[in-house]
Amino acid sequence: MRLREIESIVSSRPATDGAGVKINRLVGFTGDLRMDPFLLLDEIRSAHRDEFAGGFPAHPHRGFETVTYMREGGFSHEDSMGNHGTIAGGGVQWMTAGSGVIHSEMPIPDADRMHGFQFWLNLPASEKMCAPAYRDIQAEEVPELTHQDSRIRLIAGELDFSGNTYQGAVTGKPTRPLLADVMLPANATVSLAFRQDIKAHLYVYKGEISVARRRVRARHLAYLRNGDAIELDAHADAGALLFGGRPINEPIAHYGPFVMTTQDEIESALRDYRDGSLVRVQRS
């Protein structure tokens, strides 16, 4: 078995989004540090409501999927498809923007702390204009894998862990996304195996974790080399998101909330949004 090693490590950077929400951001649209098929990772983490109270008022998307995973606090979702949903600690919102959607994500009224993540997950060119869809997944619907004091919440994809194969709450996506929240006590070691064609990354949100004897500190992302499995060693109580998928390897054209494959498609998205047809247009 060939263990995955670290290719490079980058740190998140402070930013704001929505109505002044403070976040830590990692972007992988282009260049050597692409996270293909993932495009973006935002971490929202605050013990001060005024840093996230404005939330993310109504805004458009086209051409990709958004995945919101909450560890503390919660968000309520509304969209142009007529969907409403609320998730709290451990819950997930999975939205396929496809041909176009307008949605909002606002903090739940009683949240005085917030810790969560949003991913942008690209769609292949053949799927970018698919019908939009939404699903909320409550905490109890997410499989939780345990071994001794180590815990793994498997949101999407398939993992081999402690001699067994497990399926996440979400499967069947074209990019075969893998998304797992790995929580380890001090001095714990776990080995996780998954498909070799998954390009994987590890974002440490708490403590320090070593991969092949190389340490990754909190708020840093490790780009992983290919292999059959990954071995994680925790130096203190630690938490990390293991995520990845099958790379699309297609051109990316990006403007604000739209991610397509050509600039002409971006211009079309902007026209559709301006004339009010974004949420109705579907093209083959």
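Details of the structure are given in the entry above.
Parameters at a glance
Residues numbered from 1 in each chain as written. Predicted model: local features only at pLDDT ≥ 70, side-chain atom pairs only at ≥ 80, totals over all residues. Heavy atoms only, no water. Phe/Tyr/Trp six-rings, centres within 6.5 Å; stacked < 30°, edge-to-face > 60°. Helix = DSSP H or I, 4+ residues; strand = E, 2+ residues; numbered from the N terminus. Buried < 20%, exposed > 50% of the residue type's maximum accessible area, 1.4 Å probe, protein only. Pairing = 2+ DSSP bridges. Contact = heavy atoms within 4.5 Å. Polar contact = N/O pair within 3.5 Å; in protein donor to acceptor, adjacent residues only side chain to side chain. Axes fitted to C-alpha atoms, helices over the stretch in contact; angles between N-to-C directions. Expected span 1.5 Å × (residues − 1). Core = buried A, V, L, I, M, F, W, Y, C linked by side-chain atoms within 4.5 Å.

Visitor: Explain the packing of aromatic side chains to me, using residue names and the numbers behind them.
Guide: Overall, the coordinates contain ten aromatic pairs when judged by the stated rule. Measuring from ring centre to ring centre gives 5.4 Å for Phe38 and Phe119, while their planes differ by 65°; the resulting arrangement is edge-to-face. Within this pair, whereas Phe38 is found in strand β4 (residues 38-46), its partner Phe119 is found in strand β11 (residues 114-122), the two being separated by 81 residues in sequence. Classification of Phe38 as buried rests on a relative accessible area of 2%. Each member of the aromatic cluster is reached from another via a ring pair, and the members are Tyr69, Phe117, Tyr203 and Tyr205.

Visitor: Could you give an account of the pairing of strand β22 (residues 220-224), with specific residues and numbers?
Guide: Of all five residues that make up β22, five are buried, and the element is covered over most of its length. Every second residue of β22 is oriented toward a common face, with His220, Ala222 and Leu224 on one face and Leu221 and Tyr223 on the other, all of them buried. Of the pairings in the sheet, the one linking strand β1 (residues 6-11) to β22 comprises five bridges and is antiparallel in character. Paired with Ser8 across the two strands is Tyr223, which belongs to β22. Pairing analysis gives four bridges linking strand β19 (residues 199-206) to β22, with the strands arranged antiparallel. Residue pairing in the sheet places Leu202 in a bridge with Ala222 of β22.

Visitor: Describe the environment of Ser191, listing the residues and the values that go with them.
Guide: Structurally, Ser191 can be placed in strand β18 (residues 189-193). Measuring from C-alpha to C-alpha, the distance between Ser191 and Ala169 comes to 21 Å, with 22 residues separating the pair along the chain. Filtering out sequence-adjacent residues up to four positions away, Ser191 remains in contact with Asp160, Phe161, Ile230 and Glu231. In this structure the side chain of Ser191 is engaged in a polar contact, spanning 3.3 Å, whose partner is the side chain of Glu231.

Visitor: Run through the sheet that holds strand β17 (residues 178-184), naming residues and quoting values.
Guide: Taken in spatial order, the seven strands make up an open sheet running β1-β22-β19-β24-β17-β14-β13, and their pairing is antiparallel. Since the sheet does not close on itself, it has two edges, and those belong to β1 and β13 (144-147), each with one partner. Each strand axis lies, on average, 20° off the axis of its neighbour in the sheet, ignoring direction. Where β17 lies against strand β24 (residues 238-245), seven bridges are found, and the strand directions are antiparallel. Each residue of the ladder has a partner; that of Leu179, found in β24, is Phe243.

Visitor: Run through the sheet that holds strand β9 (residues 92-96), naming residues and quoting values.
Guide: Pairing is antiparallel across the open sheet formed by seven strands, whose spatial order is β2-β3-β4-β11-β6-β9-β12. The sheet is open, and its two borders are formed by β2 (13-17) and β12 (133-137), each paired with just one other strand. With direction set aside, neighbouring strand axes in the sheet form an average angle of 20°.

Visitor: Tell me about helix α1 (residues 263-274), and name the residues and values.
Guide: Here α1 is twelve residues long and its end C-alpha atoms lie 17 Å apart, about the 16 Å a rise of 1.5 Å per residue gives. Here α1 has its buried residues at Ile266, Ser268, Ala269, Leu270 and Asp272. Those residues of α1 hidden inside the fold are in contact with β25 (253-255) and β26 (258-260). One or two residues past the end of α1 sits Gly276, with phi positive at roughly 85°.

Visitor: Give a detailed account of the nonpolar core, specifying residues and quantitative values.
Guide: Residues Leu159, Leu192, Leu202, Leu232 and Leu242 are the most contacted members of the largest nonpolar core, which totals 29 residues. Ranked by residue count, the leading element in this core is β17, at four residues. For Leu192, the contacting residues outside a window of four places in its chain are Ile152, Leu159, Asp160, Phe161, Val182, Ala229, Ile230, Leu232 and Leu242. Residues Val92, Ala156, Met183 and Leu241 belong to the second largest nonpolar core, which totals 26 residues.

Visitor: Run through the side chain of His77, naming residues and quoting values.
Guide: For His77, the location among the structural elements is in strand β7 (residues 75-79). Aside from chain neighbours lying at most four places away, what touches His77 is Asn83, His84, Gly85, Gln93, Met95, His103, Ser104, Glu105 and Tyr134.

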